[in-house]
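Each chain is listed here by its residues.
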Amino acid sequence: MKKHLTLIALLGALFATAGITAAHAETDTKPAAKKKVVKKAPAKKAAAAAAAAPAAKMPFSSDAEDDDSEPELGGTLSADFQCEMGHKLTIWKNETDDKHIAIRWDKRIHRLTRVETTTGANRFENRKMGLVWIGIPAKGLLLDSKKGQQLANECKNADQIKAAAAASAAPAATVAAAPHQN
């Protein structure tokens, strides 16, 4: 019983000492009771200042799930795509990173991350913005997954346009070269 009382007394003294030191330290760091009135800048000015300041660019090949930041495009290869209805977009790829692409759409550059598919199509998504790029050898397609609609269809780069022209010219040449039977 004496051991328990001694232990309780020691713990009480320890907590009392800690409480006094914390209270003493708190009073030393607090200045006199003066209140400073700080005027806040209007929200519009703060938003404009944030928009004017350039956002920190994310490394292109980073594994971080940051869909908001614009990617750093140094050392990447680009391809311009012509789409139906006059839409244009640019895609950047890094030869050492097949997990990400960057796409310029709607006057912004978005970073998209590869999503595995069972069909073999190249599918990249930016879940925050709702952008989905699906690339197959013949064309590409840009979707808005949030609205459930197509943004751009029949997107082709220069190589795909040449291949499509060659493919459409080849059947016509074979038909013209074949002899007619009467």
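The rules behind the values
- Residue indices follow the written sequence of each chain, beginning from 1 at its first position.
- Per-residue local features are limited, in this predicted model, to residues with pLDDT of at least 70; the limit for side-chain atom pairs, both in listing and counting, is 80 or more; totals at the level of whole chains, interfaces and linings are taken over all residues.
- Each side-chain value is worked out from all heavy atoms of the structure, with water and hydrogens disregarded.
- Should DSSP find at least two bridges between two strands, the strands are taken to pair.
- The helix count covers DSSP runs of H or I at least four residues long, the strand count covers runs of E at least two residues long, and both are numbered beginning at the N terminus.
- For every element, the axis is a line fit to its C-alpha atoms; helices are fit only across the contacting stretch, and the angle between N-to-C directions ranges from 0 to 180 degrees.
- Among buried residues, those of type Ala, Val, Leu, Ile, Met, Phe, Trp, Tyr and Cys that are joined through side-chain atoms within 4.5 Å constitute a nonpolar core.
- Burial classes: relative accessible area under 20% of the type maximum marks a residue as buried, over 50% as exposed, and values in between as partly exposed (1.4 Å probe, protein chains only).
- We call two residues contacting when some pair of their heavy atoms lies within 4.5 Å.
- A pair of cysteine sulfur atoms is labelled a disulfide when the two atoms are within 2.5 Å.
- When two rings of Phe, Tyr or Trp (its six-membered ring) have centres within 6.5 Å they constitute a pair, described as stacked for plane angles under 30 degrees, edge-to-face for angles over 60, and tilted for the intermediate range.
- Salt bridge, as applied in this entry: a Lys or Arg side-chain nitrogen positioned within 4 Å of an Asp or Glu carboxyl oxygen.

Engineer: Could you clarify how one ought to interpret the sheet that holds strand β8 (residues 149-155) in this entry?
Structural biologist: The strands that make up a sheet pair up through hydrogen bonds in the backbone, lying either parallel or antiparallel. What the 8 strands build is an open sheet, ordered β1-β2-β3-β4-β5-β6-β7-β8; its pairing is antiparallel. In this open sheet, the two edge strands, each paired with only one partner strand, are β1 (77-82) and β8. For this sheet the average axis-to-axis angle between neighbouring strands, irrespective of direction, equals 25 degrees. Relative to β8, strand β7 (residues 140-144) runs antiparallel, the two being bridged by 4 bridges.

Engineer: Just checking my understanding: could you explain the nonpolar core for this structure?
Structural biologist: Taken as a class, soluble globular proteins show a tendency for nonpolar side chains to be buried jointly. Ranked by size, the top nonpolar core spans 15 residues in total, and within it L89, W133 and L142 carry the most contacts. For this core, the elements supplying multiple residues, two or more each, are β2 (88-94), β3 (97-105), β6 (131-135) and β8. Residues contacting L89, with those up to four places away along its chain left out, are A79, D80, F81, C83, I103, R104, W105, W133, L142, A152 and C155.

Engineer: Got a minute to help me understand the environment of R108 in this structure?
Structural biologist: Following the sequence through the fold, R108 ends up in strand β4 (residues 108-115). On a C-alpha basis, the gap between R108 and E70 in space is 8.2 Å, while along the polypeptide they are 38 residues apart.

Engineer: It is not clear to me how the state of the cysteines should be interpreted in this structure. Could you clarify?
Structural biologist: In a disulfide, the sulfur atoms of two cysteines are covalently bonded to one another. The tally for this structure, following the rule as stated, stands at 1 disulfide. In this model C83 forms its disulfide with C155; the gap between the sulfur atoms is 2.1 Å. One disulfide, between C83 and C155, carries an S-S torsion of 115 degrees and so falls in the right-handed class. Taken together, the residues C83 in the loop between β1 and β2 and C155 in strand β8 connect sequence positions 72 residues apart. As far as burial versus exposure is concerned, C83 and C155 are alike and both buried.

Engineer: In this structure, what is going on with the packing of aromatic side chains? I would like to understand it.
Structural biologist: Aromatic ring pairs: the centre-centre distance and the angle between the two ring planes describe each pair. Taken as a whole, this structure holds 1 aromatic pair when the rule is applied. Considering the side-chain rings of F81 and W133, the 5.4 Å spacing of their centres and the 70 degrees angle between planes classify their relative orientation as edge-to-face. Taken together, the positions of F81 in strand β1 and W133 in strand β6 put the pair 52 residues apart, joining distant regions of the chain. Comparing F81 with W133, the two get one shared label, buried.

Engineer: How do you make sense of the pattern of salt bridges when you look at a structure like this?
Structural biologist: If charged atoms from side chains of opposite charge come close, those side chains can pair. In total, this model carries 4 salt bridges according to the counting rule given. Among the salt bridges present, the one from E125 reaches R127, with a minimum N-O distance of 3.5 Å. Accessibility expressed as a relative area gives 61% for R127, which makes it exposed. Residue K139 is joined to E154 by a salt bridge in which the shortest nitrogen-to-oxygen separation is 3.0 Å. With K139 in the loop between β6 and β7 and E154 in strand β8, the pair connects residues that are 15 residues apart, well separated along the chain.

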